[in-house]
Amino acid sequence: MSEEKSERKKGMGEAEEVREILGVVSTQIPALIRGVVGAVFSEEAGRDMGRAAGAFYKELRESGMPEDVAVKMTQNYIGVFTSLGDMLKQAVSGKGKHMHIKVGKEGEEEIGEEIAKKIKEKIAEKTEGE
Amino acid sequence: MVKIQSILSIVASIVKIAGSLLILWATFGWKVRKTRRAFERELIKQGMSKENARELSVHYKVLKDQLMSTLMHFVRK
């Protein structure tokens, strides 16, 4: 009977823990994604990138470069963006050769530990605040 | 009672995450279009033709597609 009671208590404790973790994650993850997306895909970011690419193009044209070559070179300059996506893809799939990100089980465990640590810190902060 | 409250809270958190991600996904295309337009405008200001500016801004769409496929790959994993 007492065993059943302790099992029930343990289950309740786990549910409580999951509730607290999800409470923190539900606010942190969307904010993180919003921040990352906003850094690249926003009117201001587009304007800044356009200004940089435009200045590059203008300089090329003023130094006497033919238009098609100047456009091609500006295209390569902007292409750094696309390679950013490639890099991200490689990092996620674990194919990166020169990246110092630990991949595989070891990396996953390390990332998991780091996330758990951060969540525990946030929960502690929250409970302290209350 | 406490357990029911916890379960309800867990469901609410999951719905909150799913809702936020859905809103992000729905507004992503609109944000890309806005960024492209601002980018093209600046290039045109510097003397580039409209066609070339449009051609260059395609990189934003490529990057968006790459990010989405990476995210999908990550979710499927």
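The shown structure was predicted, so the numbers you read here are calculated from the model rather than taken from an experiment.

1. Topic: the interface of chain B and chain A
How big an interface is tends to be expressed through the accessible area that disappears when the partners come together.
Part 1: Between chain B and chain A, the contact holds 42 residues from the first and 44 residues from the second.
Part 2: Where chain B abuts chain A, roughly 3800 Å² becomes buried across the two surfaces, and 71% of that area is made up of carbon and sulfur atoms.
Part 3: The salt bridge involving Glu42 of chain B is made with Arg51 of chain A; its shortest N-O contact spans 3.7 Å.
Part 4: Linking chain B with chain A are two residue pairs in polar contact (both at pLDDT 80 or more).
Part 5: Going through the elements one at a time, helix H1 (2–45) and helix H2 (50–76) of chain B are the ones with two or more residues in the side of chain B that touches chain A.
Part 6: For the side of chain B that touches chain A, the element with the highest residue contribution is H1 of chain B, accounting for 23 residues.

2. Digging into the pattern of salt bridges
Part 1: Taken as a whole and assessed by the stated rule, the structure comprises six salt bridges over all chains.
Part 2: With its nearest N and O atoms 3.3 Å apart, the salt bridge here joins Lys61 of chain B to Asp65 of chain B. Here the residue Lys61 of chain B and the residue Asp65 of chain B both occupy positions in helix H2, the gap between them amounting to four residues, near one helical turn.
Part 3: Classification of Lys61 of chain B by relative accessible area gives partly exposed; the value is 41%.
Part 4: Among the charged side chains, a network of salt bridges with common partners joins Asp48 and Arg51 of chain A together with Glu42 and Lys45 of chain B.

Definitions and cut-offs
Residues numbered from 1 in each chain as written. Chains lettered and ligands numbered in written order. Predicted model: local features only at pLDDT ≥ 70, side-chain atom pairs only at ≥ 80, totals over all residues. Heavy atoms only, no water. Contact = heavy atoms within 4.5 Å. Buried area = accessible area lost by both parts, 1.4 Å probe. Salt bridge = Lys/Arg side-chain N within 4 Å of Asp/Glu carboxyl O. Polar contact = N/O pair within 3.5 Å; in protein donor to acceptor, adjacent residues only side chain to side chain. Helix = DSSP H or I, 4+ residues; strand = E, 2+ residues; numbered from the N terminus. Buried < 20%, exposed > 50% of the residue type's maximum accessible area, 1.4 Å probe, protein only.

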